[in-house]
Amino acid sequence: MKRHLVSAADLTRDDALLILDTAEELAQLSGRAVKKLPTLRGRTVVNLFFEDSTRTKTSFEVAEKRLSADVINFSAKGSSVSKGESLKDTALTLQAMGADAVVIRHHASGAPARLAQSDWLRGSVINAGDGTHEHPTQALLDAFTMRRHLNPGNGRDLAGRRITIVGDVLHSRVARSNVHLLTTLGAEVTFVAPPTLMPIGIENWPCQVSYDLDAVLPKTDALMMLRVQRERMNAAFFPTEREYSRRYGMDGIRMAQLPEHAIVMHPGPMVRGMEITAEVADSPRCTVVEQVANGVSVRMAVLYLLLGGAVFADNAEPARTETNEAAQ
Amino acid sequence: MTAHHQSAPRPPHQVLDGTDIARVVTRIAHEIVERAKGAEDVVLLGIHTRGVHLARRLHAKLTQITGREIPLGTLDITMYRDDLRLKPARALEHTEIPADGIDGRLVILVDDVLFSGRTIRAALDALSDIGRPRAVQLAVLVDRGHRELPIRADYVGKNLPTSLREAVQVRLSDSDGVDAVLVGDRDYTARSSQALAAPASDTHPSE
């Protein structure tokens, strides 16, 4: 594993499987009376959120607390950032306070990468979503959920599984991270969206593109709906919500076209009635709530693997652990 | 003996073979039944990796002796180790607690080598997060001494006084293809679990 987790593209197949397998073990913890491990005792993790987020922030916070880390929540609102402080100065402040890791969400794509490449911070940087760029832990929890349903077992990947991602691909960091990670794990990814919501240059991505959801459904093992990001819609990307809903929304009739074993996923928050009908959202095939629980396990795994071991010099690759070493 | 001879590493020699290990497991199983008065509330927990194989063997023996199914589980203590910051983060093994839990039961931890006692310390911490056993006992195949914590075993296969220069290798057919316990100088045993756990003299030798 590298020192930071900025992009899902940084993860090799082995790294990704190590995270998923570790998460699988850590998932057991949620069933225990004492949901806590002493692993990160004495380590400080800062949640640096420049953009509103309840789900991801809470998920990281729960993961950090379950590993006994000291958690500091820093949100841009009401902090010096709103007074005009730069990212660099914020980072230097956090460094001076002894942060071992910074979980950063930023509205600007590339902010976590800037932080990771700079020498402002000695700790690990974990990208919790940057602009329309990436959201690697979301992709990991999606892959974890898919593996549990489609190919359960430690050490297994998603080879040959067909994943369809539907909706606002243009603005979706979830889609970007997922396409990298899922292809690394051997899955075939198909994007379905109105042409206006497909990013320029998508033909260079390792995926298929379709504009017809109904044609793709029977060949889908996992269907991932994306939220239509109204807050990023600065132009008319589709005529009406009704038209979007009719062509790309998920309803009971479309769900019936999916193979029996297929699951319906959504990174949340769902816009019911437009992207997904209540019938689908509340069906047992919809994994939204499960994804939230898996998010905690996966984030614990990432935090443990980045922070749980020795702290190494700048960007140095830690020596590989011999399998025998775990023996004693 | 010359200085040259003193520094030359000795090759590992075998102290227990397959038959010895089988006999030791049988003896420990009988001791457990005797001390735990029929082993009615016993739960066996093997500590990864070789402790798990030994726990399975003990479990088979206990079932044979008592005619009852003794609950068997596995314990990974990685997240509770005190040397996590000395090495890269390692992959986790599978912890499996029997369905009825460990509350009010006599938990017998099973491991291959008892050395510094730090593994057992970590296992005790892990246990307290999982439940509240009536009592905890420890069964080990080999006790090689050099304790760094006030911990002792209740059932010992073989007491094996060693020097810190030496490494004890336990090989079990389940993971190594052969049953044997070997003792040799650390330099000879690059693949030994102890040698890897304490590669340099400036780190704490852990088990």
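Owing to the predicted nature of the structure, the values given are computational and were not obtained by experimental measurement.

**Student:** Describe the UniProt feature "binding site: carbamoyl phosphate" (unreviewed entry) in chain A, naming the residues involved and giving the relevant values.
**Tutor:** Residues and elements named next belong to chain A. Under the UniProt annotation, the feature "binding site: carbamoyl phosphate" (unreviewed entry) is placed at Arg55, Thr56, Arg105, His135, Gln138, Gly268 and Pro269. The subset of the named residues that lines the second largest cavity consists of Arg55, Thr56 and Gln138. Along the polypeptide, arginine 105 turns up in strand β3 (residues 101–106). When near neighbours in sequence (up to four residues on either side) are disregarded, arginine 105 contacts Leu48, Phe49, Phe50, Glu51, Asp52, Ser53, Thr56, Ala128, Gly129, His135 and Arg173. With respect to the helices and strands, the residue glycine 268 is situated in the loop between β9 (263–265) and α10 (278–281).

**Student:** Requested: an account of the sheet that holds strand β4 (residues 124–130) of chain A, with residues and values cited.
**Tutor:** Pairing between the strands of a sheet comes from backbone hydrogen bonds, and it takes one of two forms, parallel or antiparallel. All names here are of chain A. An order of β2-β1-β3-β4 is seen for the 4 strands of this open sheet, with the pairing classed as parallel. Where the open sheet ends on each side, the last strands, each with one partner, are β2 (70–75) and β4. With direction set aside, neighbouring strand axes in the sheet form an average angle of 15°. By the bridge criterion, 6 bridges tie strand β1 (residues 44–49) to β2 in an arrangement that is parallel.

**Student:** Quick rundown of the sheet that holds β9 of chain A? Include the residues and the values.
**Tutor:** Residues and elements named next belong to chain A. Spatially, the 5 strands line up as an open sheet ordered β7-β6-β5-β8-β9, and their pairing is parallel. One side of each edge strand has no neighbouring strand; the edge strands of this open sheet are β7 (208–210) and β9. The sheet shows a mean angle of 20° between the axes of neighbouring strands, direction not considered. Pairing of strand β8 (residues 222–225) with β9, which is carried by 3 bridges, proceeds in the parallel orientation. In the sheet register, leucine 223 faces β9, and the bridge partner there is valine 264. Relative to β9, helix α5 (residues 136–150) is tilted by about 170°, and along the sheet it contacts β5 (162–166), β8 and β9. Each of β5, β6 (188–192) and β8 touches helix α6 (residues 173–184); the most contacted strand, β6, lies at about 155° to it.

About the criteria used
Residues numbered from 1 in each chain as written. Chains lettered and ligands numbered in written order. Predicted model: local features only at pLDDT ≥ 70, side-chain atom pairs only at ≥ 80, totals over all residues. Heavy atoms only, no water. UniProt positions renumbered as here; feature names shortened; annotations may be inferred. 1 Å grid on protein atoms, 1.4 Å probe; cavity = no way out; pocket = protein on both sides within 12 Å on 5 of 7 lines; lining within 4 Å. Helix = DSSP H or I, 4+ residues; strand = E, 2+ residues; numbered from the N terminus. Contact = heavy atoms within 4.5 Å. Pairing = 2+ DSSP bridges. Axes fitted to C-alpha atoms, helices over the stretch in contact; angles between N-to-C directions.

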